[in-house]
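Notes for the structure review
Take a look at the letters that make up each chain.
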Amino acid sequence: MAEDYVSREIRLEGIDPRELYGVQDTWLEQIKELHPTLKIVARGSSLKVLGAEPDTLRFEKRMKGLAEYYLKYGHISTEVVDQCFRGVEMEVESAVDKEVLVYGTNGNIIRPRTVNQELMVKLFDKNDLLFAVGPAGSGKTYTAIALAVRALKEREVRRIILTRPAVEAGEKLGFLPGDMKEKLDPYLQPLYDALNDMIPAAKLQKFLEDGTVQIAPLAYMRGRTLDNAFVILDEAQNTTLSQIKMFLTRMGRNARFIVTGDVTQIDLPKKSDSGLVRAMEILRNVPGIGIVEFDKRDIVRHALVKKIVAAFDRNTEGRVWEIHPSVPHPDHPENEK
């Protein structure tokens, strides 16, 4: 009966409606299809619902449950919406896959994909400083950034700082147009790309503006003390020993550091000047520091990349970048053989 119908307004506080409704209202349309007896109208950060009172109350409870899920995990998918609105009592904690590092944008689930990526996560949970070295495409930097985003979302740190040495990879920065930031931004683009996979664009822009996320060349780290921060030094094979020492001694209170690099891609004028290998040798047995060494089995790019890396390994002689001693970590599954 019409007199039994009520209109209820549901306010969605602290949430960008575009994130909750989905691209082109995909999830909002899914929600409407699951409630054919209700009239649902979205108006910015509020929803107006018209229908029988028990149905509107039930809808409000489930909608708030969906909002709570998003606020906690920063992720919504078709499956989550379906479970929530079909009456499945979904405990937020039980809905989380323990292997998931972070729920990315567009419903992407980011988790370790190889044995050494899993080892990297395991070692990082036990150490405040981690070295992760290996070939291109093995997921070192991507996994490190996922760990950083997870730590930020779980409020373990207050900011993320990503840095690289400004070393030219066989090219010259001087010919590029613009000021120094504009020259360096293309070089730092892989870091932006990874962040864009994990943080919605509007939120990432806000983080960049307020300093919650900082991306800068290594030279900008000198003189700083980095407290309550998750700091990643990428492309560390292009640092000298003094530079990497400078970076590591920036570690402040409640800081977590990850150093990534590929010792087969040193762009310094003299490859022997690379400080990454020497730093790992010096720090290998220091408590609180973990080291994970990726290899071509971890490459998760195009299948040809593994073949390319293997071919270069076979045909490159007199390499100065070998890491000695290369002893597998005791937690590595290879040791069970």
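Just so it is clear, the model here is predicted, and its values are computed rather than measured.

**Remarks on the overall build of the protein**
- Helix and strand counts for the protein stand at twelve helices and eleven strands.
- Expressed as a percentage of the 337 residues in the protein, the buried residues total 46%.
- Taking the contacts inside the protein whose residues are at least 6 apart along the sequence as the reference set, 72% of them involve residues at least 24 apart.

**Examining the sheet that holds strand 11 (residues 289–293)**
- Strand order in the open sheet made by the six strands is 8-7-9-10-6-11, with parallel pairing throughout. Each end of this open sheet is capped by a strand with a single partner; those strands are strand 8 (213–217) and strand 11. On average, each strand axis in the sheet is tilted by 15° relative to the strand beside it, whichever way the strands run.
- Relative to strand 10 (residues 256–261), strand 9 (residues 229–233) runs parallel, the two being bridged by four bridges.

**Looking at the packing of aromatic side chains**
- For the coordinates displayed, the defined rule picks out two aromatic pairs.
- With a centroid separation of 5.1 Å and an interplanar angle of 40°, the aromatic rings of Phe 124 and Phe 230 are classed as tilted. Of this pair, Phe 124 sits in helix 5 (residues 115–124) while Phe 230 sits in strand 9, and the two are 106 residues apart along the sequence.
- What makes Phe 124 buried here is its relative accessible area of 2%.

**Examining unusual backbone geometry**
- Not every positive phi belongs to a glycine, and Asp 25 is a case in point at roughly 60°.
- Structurally, Asp 25 is set in the loop between helix 1 (17–21) and helix 2 (26–33).
- Exposure remark for Asp 25: the relative accessible area of 34% places this residue in the partly exposed category.
- Not every positive phi belongs to a glycine, and Glu 235 is a case in point at roughly 55°.

**Notes on helix 6 (residues 140–153)**
- Its 14 residues give helix 6 an end-to-end C-alpha distance of 20 Å, which sits within 8% of 20 Å, the value for a rise of 1.5 Å per residue.
- When you tally the buried positions in helix 6, you get twelve out of 14 residues, the bulk of the element.
- Restricting attention to buried positions, one finds in helix 6 the residues Lys 140, Thr 141, Thr 143, Ala 144, Ile 145, Ala 146, Leu 147, Ala 148, Val 149, Arg 150, Ala 151 and Leu 152.
- Of the residues trailing helix 6, Arg 155 is marked for its positive phi of about 60°.

**Re the side chain of Gln 30**
- You can see Gln 30 is positioned in helix 2.
- Sequence-distant contacts of Gln 30, that is, excluding residues within four places in its chain, are made with Thr 78, Val 81 and Asp 82.

**What to know about the pattern of salt bridges**
- Inspection of every chain in the model, using the stated rule, returns 13 salt bridges.
- For Lys 32, the salt bridge identified is with Glu 29, shortest N-O distance 4.0 Å. With Lys 32 and Glu 29 both in helix 2, this residue pair falls three residues apart, about one helical turn.
- According to the relative accessible area criterion, Lys 32 is partly exposed, its value standing at 29%.
- The closest approach of N and O atoms between Asp 210 and Lys 206, which form a salt bridge, is 3.4 Å.

**Topic: the environment of Lys 39**
- Relative to the assigned elements, Lys 39 resides in strand 2 (residues 39–43).
- C-alpha separation for the pair Lys 39 and Gly 51, spaced twelve residues apart in sequence, amounts to 6.6 Å.
- Each residue touching Lys 39, except ones within four places of it in the same chain, is listed here: Lys 48, Val 49 and Leu 50.

**A closer look at the nonpolar core**
- Ranked by internal contacts, the top residues of the largest apolar core, which has 38 residues, are Ile 145, Leu 195, Met 198, Phe 230 and Ile 258.
- Listed by contribution, the elements that provide at least two residues to this core are helix 5, strand 6 (129–133), helix 6, strand 7 (159–164), helix 8 (189–198), helix 9 (201–210), strand 8 and strand 9.
- Considering every element that reaches this core, the biggest residue donor is helix 6, with eight residues.
- Ignoring sequence-local partners within four residues, the contact set of Ile 258 consists of Met 120, Phe 124, Leu 130, Ala 144, Leu 147, Phe 230, Val 231, Ile 232 and Leu 233.
- Core analysis: the next-biggest nonpolar cluster, separate from the first, contains 27 residues, Val 133, Ile 244, Leu 248 and Ala 255 among them.

**Side note on a nonpolar patch on the surface**
- A contiguous nonpolar surface patch, about 320 Å² in accessible area, is contributed by Leu 304, Ile 308 and Phe 312.
- Tracing the backbone shows Ile 308 in helix 12 (residues 303–315).
- In this structure Ile 308 comes out as partly exposed when scored by relative accessible area, which is 45%.

**Considerations on the pairing of strand 2**
- Here strand 2 pairs with strand 3 (residues 46–52) via five bridges, running antiparallel. Looking at the pairing, Val 41 lines up with Lys 48 of strand 3.
- Between the end of strand 2 and the start of strand 3, which pair antiparallel, lie two residues, with Gly 44 showing a positive phi angle near 60°.

Conventions and cut-offs
Residues numbered from 1 in each chain as written. Predicted model: local features only at pLDDT ≥ 70, side-chain atom pairs only at ≥ 80, totals over all residues. Heavy atoms only, no water. Helix = DSSP H or I, 4+ residues; strand = E, 2+ residues; numbered from the N terminus. Buried < 20%, exposed > 50% of the residue type's maximum accessible area, 1.4 Å probe, protein only. Contact = heavy atoms within 4.5 Å. Pairing = 2+ DSSP bridges. Axes fitted to C-alpha atoms, helices over the stretch in contact; angles between N-to-C directions. Phe/Tyr/Trp six-rings, centres within 6.5 Å; stacked < 30°, edge-to-face > 60°. Expected span 1.5 Å × (residues − 1). Salt bridge = Lys/Arg side-chain N within 4 Å of Asp/Glu carboxyl O. Core = buried A, V, L, I, M, F, W, Y, C linked by side-chain atoms within 4.5 Å. Patch = residues over 30% accessible without salt bridge, like charges linked within 9 Å, V, L, I, M, F, W, Y side chains within 5 Å. Areas by Shrake-Rupley, 256 points an atom, 1.4 Å probe, with all protein chains shown as cover.

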